[in-house]
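# Notes for the structure review
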Amino acid sequence: MNKKSLSKQIYDARWCYVFVLPCLILTGMFVIYPIGMSWYFSLLDWSGFTKEAKFIGLQNYYEAVNDEFFWDAFIRSFIFMFGTVPVKIVLGFIIAVFLNNQVLKLAPFFRTVIFMPVVTAIAIIGIVMTFVFSPFNGPANKFLMSTNLTSAPIDFLGNPDTVLPTVMGVYVWKWLGITMMYWLAALQTVPQDVYDAAKIDGAEGYRLWIHIILPIVLPFAIVIILVEAVGALNVFPLIETMTAGGPFFSSEVMEIYIFRTAFVTDSGTMPRLGYACAAGVFWGVAVLFITVLQGLWMRRTRRI
Amino acid sequence: MKKKKELKISRRTVMKGALAAGAMMSAGSIPSKLFAGEFNIPDPLKPLPTTGGNMRWIDSGDMKGVFWKKLFPEYAASRGITIEYDGLPWKEINKIVPIAIRNGTVHDVFQLPLGMDPGVAVSEGWVQPWDDYIENLDEWLANFPAGVYLPGVNQFNGKTYGLCLTANKRTGTCLLYSEKYMSEAGYDPQAGRMTYSEIRDAAKKITKRGNGQYYGWIIGGNQVNRWEDVVHTFGQVAGAHGGRGGFTNRHINFQNGKFQIASDQYMEAVELLLQLKSDGSAFPGVMSMNAPQARALMPQGAAGMIFQGPWCIGVWGRDAPEWKYGIASEPVPDGKKAQPLYIAEGGSNTLWLSANSTMGPFAGDLIRFMGTEQGQIYWAQTVGAADPAVNPEAVAKAGLTGPSAQALAMFAENLLVGPNPIVRNKDVGVVAAKSRVPDPSLALVIQGLYTGQLKGVEAQLKDCNQRYEDALDQAVEAARADGANVTRDDWVFPNWDINSNYGASKYSEL
């Protein structure tokens, strides 16, 4: 066999490389470079905008892992993820199953309604929701009180016990449409003859879904879970607009923690970009670790 | 069963109020009726460049923005330039200005982020002196009250880098109240300073009368600095004599140089806030609203009292001109006499000129005019007590009436100039640059106590005090390691008479 040299192969595929080049340049500028610089900054004692930046090795990392607020935020991020992803996956699947039914005439209408929050600006949703959940004339409290479910208004966003579940609920509502779309796409890969064959074999109702359809769409589920899990760990705009991490850190997830330390604080001290980068790198590695685990799980599921 | 009445305040109204407050904060609109007349802008003292250009200006907005947005078009037209103004909340300035400085895109004239040591801005080369752009600078500076321009504060290496058109003689925690509700509760804050017990009692009575329609007291509780401001100022009124300003001044007792966060006065102030909550007098949902939102609810009759600053006067004057409210001094613990409050020397809203700016001649010309008596009168007539003009004679001639005049009189009576460590030793600026407010800060500790997430006022404040002590020690140590000649003794002012202004003669005695 006539084996071409590497340079010859590259030359032959030169137009492919030319077309890929813009993407590579942009990725380098806006992904690779910032990641590399954040690793470097994480080794500095640096406010982020003075000339003075002192190399301190891993001291920022040491400080971060010894900071209880860092770990509280870290854990809270995962609580957020575990509290929202299963709900979105299950709810999204159920809705998709209903809306995938060709007999349902209003399916496009419901799909649009459920998808609408997805295309609404998240900051707007965050601000509007602070009014919706306001204990003072907010519609949520008005409903609860008018139906005698509560006798006094609930300060959903001001009470440390209710703030995180409330934000999680808003998050699920905001992004449920996209999960539903993922599931619809997955369900539409199931050929009609599979449904027909299953029915001939007597599989109907939940048996059809559990034993026939679910195994077919399972590989999609892994991808959806992966995407959803990473998404649930990136909730900065919603939390910043709804609570800014308060009250007293009750809703401070990792991104809010990083933001708080990266900029001048309300208390008026110098920011710590170096420290914030260390926390960010640590967090990025943690998310990457989860992604890899899920990837391995996906590969294993495919083999099964 | 008697059905509980509902307060007729729609969400839309609340949103409208909050948005209006926000708009005022960012100087989104200008009530032209606030102005006494057109500006009579004098010709420049020396010829200005004829090349024109665009001058960009950023500050913390509020009533300042209202003024600038009226003046700038007139000034720009008279000088053949354009002016782009951004009035933003401090939270935004804290983010935007540092990034813009790094990118080389900072506005021509800007305010430094809160807590940023001016000495750093000068040494980093971010700013340039105003000396070349203000004709007869020394003569012009002489028009300002003593103590506004000081080495280490706004003057460095013999040059003037920061210009102040406003005084810092104000507090942000006055008692602002609904005249109707307070009178129905049987109290008149104008009759004399209210005590903590009276505040509690009035809040209870207002809440009781409100029967779910309105409450005794409101605060923007998710804006954490509000908690600290209230406790800090109330603590001072109660006798915890100390400094104001950034971390290296605030909460420090200059008699012994130590933080006084765990003092009885601070504890009593925190207890008052907790009691207002446990009495049921606090507006429901204070933890999920910021200060402008809380302020916007007052004229709508949602609460009887709020502890806020004189900037409310302009906002309420515009949004609710018919609403009757009063302004009074901060309350005092039972059986105690109110003590003076202290401000640091210097002005406020210091304006810095970007090192890269080519608009210095125009910026200097404009600020020079604003520093004249006529300019200061214009300022006082619009901005009033929100950001008082720095020239007291101009304020007197501005003919202010109503709450603005009352607030200014109150500040004049209550406030004294206290010691400022950075005036004594400019190396304190290096400490400021090295300082980090410990986590959780006092503001957050008070918020945590209020929400019940933290328990035990005394223990929490003691812990917090120790954290602040340690943080300042570390900052001093770091500054010394960098060659700064500074010790914790620089925070001790043994010759401080708490009942008089601390001026230049006192510093020279040290």
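Residues numbered from 1 in each chain as written. Chains lettered and ligands numbered in written order. Predicted model: local features only at pLDDT ≥ 70, side-chain atom pairs only at ≥ 80, totals over all residues. Heavy atoms only, no water.

## Comments concerning the overall build of chain B
- The helix and strand tally for chain B stands at 20 helices and 18 strands.
- On C-alpha atoms alone, chain B measures out to a radius of gyration of 23 Å, which is about the 24 Å that the 2.2 N^0.38 rule sets for 510 residues.
- Summarising its shape, the C-alpha atoms of chain B cover approximately 80 × 55 × 40 Å along the three principal directions.
- Here chain B holds 510 residues, and the buried ones make up 61% of them.
- Counting contacts in chain B only where the partners sit at least 6 residues apart, residues at least 24 apart contribute 77% of the total.
- Accessible surface for chain B amounts to roughly 19,500 Å². Of this, 49% is attributable to carbon and sulfur atoms. (Helix = DSSP H or I, 4+ residues; strand = E, 2+ residues; numbered from the N terminus. Rg over C-alpha atoms; globule rule 2.2 N^0.38 Å. Buried < 20%, exposed > 50% of the residue type's maximum accessible area, 1.4 Å probe, protein only. Contact = heavy atoms within 4.5 Å. Areas by Shrake-Rupley, 256 points an atom, 1.4 Å probe, with all protein chains shown as cover.)

## Section: the overall build of chain A
- Per the secondary structure count, chain A includes 13 helices and two strands.
- Relative to a compact globule of 304 residues, whose C-alpha radius of gyration would be 19 Å, chain A shows 24 Å and is clearly more extended.
- C-alpha atoms of chain A, sized along the principal axes, occupy 85 × 75 × 30 Å.
- For chain A, buried positions account for 45% of its 304 residues.
- Within chain A, residue pairs in contact and separated by at least 24 positions form 66% of the contacts whose partners lie at least 6 positions apart.
- For chain A, the exposed area adds up to about 16,600 Å²; of that, 71% sits on carbon and sulfur atoms.
- Distance from the positive charge centre (20 side chains) to the negative charge centre (18 side chains) of chain A: 13 Å. (Lys, Arg positive; Asp, Glu negative; His and termini not counted. Charge placed at Lys NZ, Arg CZ, Asp CG, Glu CD.)

## Some words on the interface of chain A and chain B
- Across the contact, 36 residues belong to chain A and 50 residues belong to chain B.
- When chain A packs against chain B, the two sides together hide about 3,700 Å² of surface, and 62% of this comes from carbon and sulfur.
- Here chain A and chain B share two salt bridges between them.
- Between A:R260 and B:D439 there is a salt bridge, with its nearest N and O atoms 2.8 Å apart.
- The tally of links between chain A and chain B comes to six residue pairs in polar contact (both at pLDDT 80 or more). (Buried area = accessible area lost by both parts, 1.4 Å probe. Salt bridge = Lys/Arg side-chain N within 4 Å of Asp/Glu carboxyl O. Polar contact = N/O pair within 3.5 Å; in protein donor to acceptor, adjacent residues only side chain to side chain.)

## Observations regarding the packing of helix α5 (residues 107-115) of chain A against helix α8 (residues 163-187) of chain A
All names here are of chain A.
- One way to put it is that α5 packs onto α8 with a least axis distance of 7 Å and a crossing angle of 135°. Taken together, the axes of α5 and α8 lie oblique to each other. From α5, R111, I114 and F115 reach across to α8, where they touch L176, G177, I178, M180, M181 and L184. (Axes fitted to C-alpha atoms, helices over the stretch in contact; angles between N-to-C directions. Parallel < 35°, antiparallel > 145°, perpendicular 65-115°, else oblique.)

## Things to note about the sheet that holds strand β13 (residues 303-308) of chain B
All names here are of chain B.
- One open sheet holds the four strands; their spatial order is β10-β13-β9-β14, and the pairing between them is mixed. The open sheet is flanked by β10 (215-218) and β14 (325-328), the only strands paired with a single partner. Between one strand and the next, the sheet's axes are offset by a mean angle of 20°, whatever the strand orientation.
- The pairing of β10 with β13 spans three bridges and is parallel. The partner of I218 across the bridge, within β13, is I306. (Pairing = 2+ DSSP bridges.)

## Thoughts on the packing of aromatic side chains
- According to the stated counting rule, one finds 55 aromatic pairs over all chains in the structure shown.
- Consider the rings of B:Y502 and B:Y507, whose centres lie 4.9 Å apart with planes at 85°: the pair is edge-to-face.
- Looking at B:Y507, the relative accessible area reads 13%, which means it is buried.
- One cation-aromatic arrangement involves A:K174 over A:W175; the distance from NZ or CZ to the ring centre is 4.4 Å.
- Residue placement shows A:R272 over the ring face of A:Y275; its charged tip is 4.5 Å from the ring centre. (Phe/Tyr/Trp six-rings, centres within 6.5 Å; stacked < 30°, edge-to-face > 60°. Lys NZ or Arg CZ within 6 Å of the ring centre and 35° of its normal.)

## Examining the environment of B:M410
Residues and elements named next belong to chain B.
- Within the fold, M410 resides in helix α15 (residues 402-414).
- Among the residues examined, M410 registers a relative accessible area of 9% and is labelled buried.
- Between the C-alpha atoms of M410 and R170, which are 240 residues apart in sequence, the distance is 8.8 Å.

## Notes on the domain arrangement of chain B
Residue and element names in this part refer to chain B.
- In terms of domains, chain B is made up of domain 1 (32-163 + 350-386) and domain 2 (171-344 + 423-510).
- Between the C-alpha centres of domain 1 and domain 2 the distance comes to 30 Å.
- Taken together, the nine residues of domain 1 in the interface contact ten residues of domain 2.
- Buried surface at the junction of domain 1 and domain 2, summed over both partners, amounts to about 730 Å²; 71% is from carbon and sulfur atoms.
- The largest per-residue losses of area from domain 1 upon contact with domain 2 belong to D62, D117 and A386, which jointly make up 40% of the total buried on that side. (Domains from an automatic or database assignment.)

## Some thoughts on a nonpolar patch on the surface
- Taken together, the side chains of A:V20, A:L21, A:L24, A:I25, A:L26, A:M29, A:F30, A:V31, A:I32, A:I35 and A:W39 define a hydrophobic patch exposed on the protein surface, amounting to about 1,100 Å² of accessible area.
- Structurally, A:V20 is set in helix α2 (residues 14-41). (Patch = residues over 30% accessible without salt bridge, like charges linked within 9 Å, V, L, I, M, F, W, Y side chains within 5 Å.)

## Some remarks on the nonpolar core
- Core analysis: the largest hydrophobic core is formed by 227 residues, its most contacted members being B:W57, B:W68, B:W217 and B:I218.
- In terms of residue count, the dominant contributor to this core is helix α4 (residues 68-99) of chain A (14 residues).
- Not counting the four nearest positions on each side in its chain, B:I218 is found in contact with B:F283, B:V286, B:M289, B:A294, B:L297, B:M298, B:A303, B:M305, B:I306 and B:F307.
- Counting residues in hydrophobic clusters, the runner-up holds 18 residues, among them A:F49, B:V106, B:F110 and B:F156. (Core = buried A, V, L, I, M, F, W, Y, C linked by side-chain atoms within 4.5 Å.)

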